[in-house]
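# Results of the structural survey
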Amino acid sequence: MSPIKYNPNTDPQKWVKSGPTSIDPDLTLEDFENWTVDQYPIGMVGEAGNADAYYTGAWRHEKPLWDPAICTNCMMCWINCADTAVIMENQKVCGINYNHCKGCGVCPHECRFGALKMVPEHVNHLEPEQSAEAEPEITEGA
């Protein structure tokens, strides 16, 4: 049995399902997790530019934290983010959209200035770097 071959010249719509390509914006993660097998949409290729309609941030176990004090707004993180999770405003980075970020690590890899750092999902802020040479603080009664 030979594999099915797709010919874009003769079958341009073969793998595209017609109809809406977005989900209900009021759908919660709990709603999605409670779907039955019959409620899952059939696989499809949607129209380009519809990523904002889908919540995919729950897939990651690490996330990037952005430090605005270090950021130079070179936009390398924004250009290279496949999920459009880097938020821009007035041609400047202003944050990360965690509803879309999948934690791939491309943004800190591309940041040449160290403004982005991957941290475990539960971390909510950047910790100051601790120097290996720093002496521990000594408190009374210890």
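Our structure's up above, just so we're on the same page.
Overview of the structure. The numbers attached to residues start from 1 for each chain and follow its sequence in the written order. A pLDDT threshold of at least 70 governs which residues receive local features in this predicted model, and a stricter bar of 80 or more applies before side-chain atom pairs are shown or counted, although totals over entire chains, interfaces and linings include all residues. Calculation of side-chain values draws on the structure's entire complement of heavy atoms; hydrogens and water are dropped beforehand.

## A word on the environment of Pro120
- Each helix corresponds to a stretch of at least 4 residues labelled H or I by DSSP, and each strand to a stretch of at least 2 residues labelled E; elements are numbered beginning at the N terminus. Structurally, Pro120 can be placed in strand S4 (residues 116-120).
- The sequence separation of Pro120 and His61 amounts to 59 residues, and the corresponding C-alpha distance is 6.2 Å.
- Aside from chain neighbours lying at most four places away, what touches Pro120 is His61, Glu62 and Lys63. Only heavy atoms enter the contact rule, under which two residues are in contact if any of them lie within 4.5 Å.

## Examining the pairing of strand S2 (residues 86-89)
- Here 4 bridges tie S2 to strand S3 (residues 92-96), and the two strands are oriented antiparallel to one another. Within S3, the residue paired with Met88 across the bridge is Val93.
- Hairpin connection of S2 to S3: 2 residues between the antiparallel strands, including Asn90 at a positive phi of 55°. The pairing criterion for strands is at least two bridges between them, as found by DSSP.

## Some remarks on the pattern of salt bridges
- When a carboxyl oxygen of Asp or Glu lies within 4 Å of a side-chain nitrogen of Lys or Arg, that pair is called a salt bridge. Overall, the coordinates contain 2 salt bridges when judged by the stated rule.
- Between Glu121 and Arg60 there is a salt bridge, with the nearest N and O atoms lying 2.6 Å from each other. Of this pair, Glu121 sits in the segment after S4 while Arg60 sits in the loop between helix H1 (29-33) and strand S1 (62-66), and the two are 61 residues apart along the sequence.
- Residue class for Glu121 comes out partly exposed when judged on its relative accessible area of 30%.
- One salt bridge connects Asp83 with Lys102, and the closest N-O pair in it is separated by 2.7 Å. In this pair, Asp83 sits in the loop between helix H2 (76-80) and S2 while Lys102 sits in the loop between S3 and helix H3 (106-110), placing the two residues 19 residues apart along the sequence.
- What makes Asp83 buried here is its relative accessible area of 16%.
- The buried label goes to any residue with under 20% of its type's maximum accessible area, the exposed label to any with over 50%, and the partly exposed label to all in between, with areas taken from a 1.4 Å probe on protein chains only. Judged by its relative accessible area of 26%, Lys102 falls in the partly exposed class.

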